Amino acid sequence: LDTARDVYAQVAAAVARFEPVTMLANPEDLDDAERRCGGEVDVVAMHIDDSWLRDSGPITVRLLDDGGSDGRRVGVHFGFNAWGEAFTPFDADRLVGAEVLDHLGIDRIDATDFVLEGGSIAVDGAGRLVTTERCLLNANRNPGLDRMQIEERLGLHFGVDHVVWCANGIAEDDGTDGHIDNAAGFVGPNRLLLQGCAEPSNPNHGIAADNRHRIE
């Protein structure tokens, strides 16, 4: 754990050379985090259960005004249940998205009735979203919603009109139930970088081929 904290601090300090960085730390770890990160990183005391804010934190979007141009920036605070209640506790992580937005002074949209992790989606900013059936259709996330209802929620919160469902991310990803961010990422509007697998004996070979077929 001590080594991991050092590496987190080193990454934060490296990024802080180019853009502002906010580091969260549990209140009892605040002084230690500030010492490790140095003076260029803004370290904030905030209760968290897990370090993976990519999934538990808010997602920032731009609202569209009547003319269709980019409007003000807001943050969407989704529901979070620690990857289908795979890890406990997650009481602090369930709340941290709203707390981050309040700290940064970003207007908040509460969508806590919809469980969604940041790594479960990829969006190109031009109306397209890619996700996986293994994650978003999993009964441990939103058991009361079917595929069409989930697509409606994605359209509402991200302004997308085209959702592509891959079956899986990578075979080994049991911790998040197949997040798409392990297998694909947009590099521009309608341009997707997709993970491949050339070894037929690897369980990801068939998954990667199916993902490519669905994307194309």
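Residues numbered from 1 in each chain as written. Predicted model: local features only at pLDDT ≥ 70, side-chain atom pairs only at ≥ 80, totals over all residues. Heavy atoms only, no water.

Asker: Looking at this structure, I do not really get the pattern of salt bridges. What am I missing?
Answerer: Oppositely charged side chains may form a pair once their charged atoms are brought near each other. This structure, assessed with the given rule, holds 18 salt bridges. Here aspartate 32 ties to arginine 36 by a salt bridge, and the two come within 2.8 Å at their closest N and O atoms. Here arginine 36 and aspartate 32 lie together in helix H2 (residues 30-37), a separation of four residues that amounts to about one turn. Overall, aspartate 32 belongs to the partly exposed group, its relative accessible area being 22%. Here arginine 36 falls in the buried class, since its relative accessible area comes to 18%. Ionic pairing is found between aspartate 181 and arginine 54, a salt bridge with its closest N-O pair at 3.6 Å. Here aspartate 181 is found in the loop between strand E8 (162-166) and strand E9 (184-188), whereas its partner arginine 54 is found in helix H3 (residues 53-56), with 127 residues between them in sequence. A relative accessible area of 42% places arginine 54 in the partly exposed class. It is possible to trace a salt-bridge network through shared partners that takes in Asp2, Asp6, Asp32, Arg35 and Arg36. (Salt bridge = Lys/Arg side-chain N within 4 Å of Asp/Glu carboxyl O. Helix = DSSP H or I, 4+ residues; strand = E, 2+ residues; numbered from the N terminus. Buried < 20%, exposed > 50% of the residue type's maximum accessible area, 1.4 Å probe, protein only.)

Asker: Teacher, can you tell me more about the nonpolar core here?
Answerer: Side chains of nonpolar character tend, in soluble globular proteins, to be buried together. With 18 residues, the main nonpolar core has Phe78, Leu116, Ile121, Leu129, Leu136, Leu154 and Phe158 as its most contacted residues. At the level of secondary structure, the elements contributing two or more residues to this core comprise strand E3 (59-64), strand E4 (70-79), strand E5 (107-115), helix H6 (133-136), helix H7 (147-158) and E8. Beyond its immediate chain neighbours, meaning those up to four positions away, leucine 154 contacts Phe114, Leu116, Ile121, Leu129, Leu136, Gly159, Val160 and Val163. Ala9, Ala16, Met23 and Ala33 belong to the second largest nonpolar core, which has eleven residues in total. (Core = buried A, V, L, I, M, F, W, Y, C linked by side-chain atoms within 4.5 Å. Contact = heavy atoms within 4.5 Å.)

Asker: Help me understand the packing of helix H1 (residues 2-16) against H2 in this model?
Answerer: It is the contact of H1 with H2, at a shortest axis distance of 8 Å, that shows an interaxial angle of 55°. Judged on the interaxial angle alone, H2 and H1 are oblique. Once H1 is placed against H2, the crossing between them reads as right-handed. Note on element contacts: H2 touches H1 through Asp32, Arg36 and Cys37, opposite Asp2, Arg5, Asp6, Ala9 and Ala13. Each residue belonging to the contact of H1 with H2 can be placed in one class, and the counts come to three nonpolar, no polar and five charged. (Axes fitted to C-alpha atoms, helices over the stretch in contact; angles between N-to-C directions. Parallel < 35°, antiparallel > 145°, perpendicular 65-115°, else oblique. Left-handed = near helix turned anticlockwise from the far one by under 90°. Nonpolar A, V, L, I, M, F, W, Y, C, P; charged D, E, K, R; others polar.)

Asker: In this structure, what is going on with the side chain of asparagine 81? I would like to understand it.
Answerer: Position of asparagine 81 among the secondary structure elements: in the loop between E4 and helix H4 (82-85). What makes asparagine 81 buried here is its relative accessible area of 8%. At 3.0 Å, the side chain of asparagine 81 and the backbone nitrogen of glycine 84 are in polar contact. Residue contacts for asparagine 81: discarding those within four places in its chain leaves Ala86, Phe90, Val115, Glu117, Asn140 and Arg141. (Polar contact = N/O pair within 3.5 Å; in protein donor to acceptor, adjacent residues only side chain to side chain.)

Asker: What exactly am I supposed to notice about the environment of alanine 209 here?
Answerer: The residue alanine 209 is located in helix H8 (residues 204-215) in this model. Judged by its relative accessible area of 45%, alanine 209 is partly exposed. Along the chain, alanine 209 and leucine 194 lie 15 residues apart, while their C-alpha atoms are 10 Å from each other.

Asker: Hey, could you run me through helix H5 (residues 91-104) in this one?
Answerer: Where H5 bends most, the angle comes to about 35°, and this point is glycine 97. Residues of H5 that are buried include every one of Ala92, Asp93, Val96, Gly97, Ala98, Val100 and Leu101, and no others. (Bend = angle between axes of the 7 residues up to and from the residue.)

Asker: Explain the layout of surface pockets to me, please; I cannot follow it from the model alone.
Answerer: The gaps left among the atoms become clear once a water-sized probe is rolled over them. Reported here for the largest pocket is a volume of approximately 1200 Å³. Along its surface, the largest pocket is lined by 41 residues, and Thr22, Met23, Leu24, Ser51 and Leu53 are the ones closest to its centre. Mapped onto the lining of the largest pocket, the elements with two or more residues apiece are H1, strand E1 (22-25), H2, H3, E3 and H5. Residues that form the lining of the largest pocket fall into these classes: 25 nonpolar, seven polar and nine charged. Taken as a whole, the second largest pocket holds about 470 Å³ of empty space. Taken together, 17 residues line the second largest pocket, and the ones lying closest to its centre are Val61, Arg62, His157, Phe158 and Gly159. Sorting the residues of the lining of the second largest pocket by element identifies E3, strand E6 (121-123) and H7 as the ones contributing at least two each. Examining the composition of the lining of the second largest pocket, we find that six residues originate from one element, E3, more than from any other. Residues that form the lining of the second largest pocket fall into these classes: eleven nonpolar, five polar and one charged. (1 Å grid on protein atoms, 1.4 Å probe; cavity = no way out; pocket = protein on both sides within 12 Å on 5 of 7 lines; lining within 4 Å. Points joined across faces, edges and corners; volume = space filled by probe spheres on them.)

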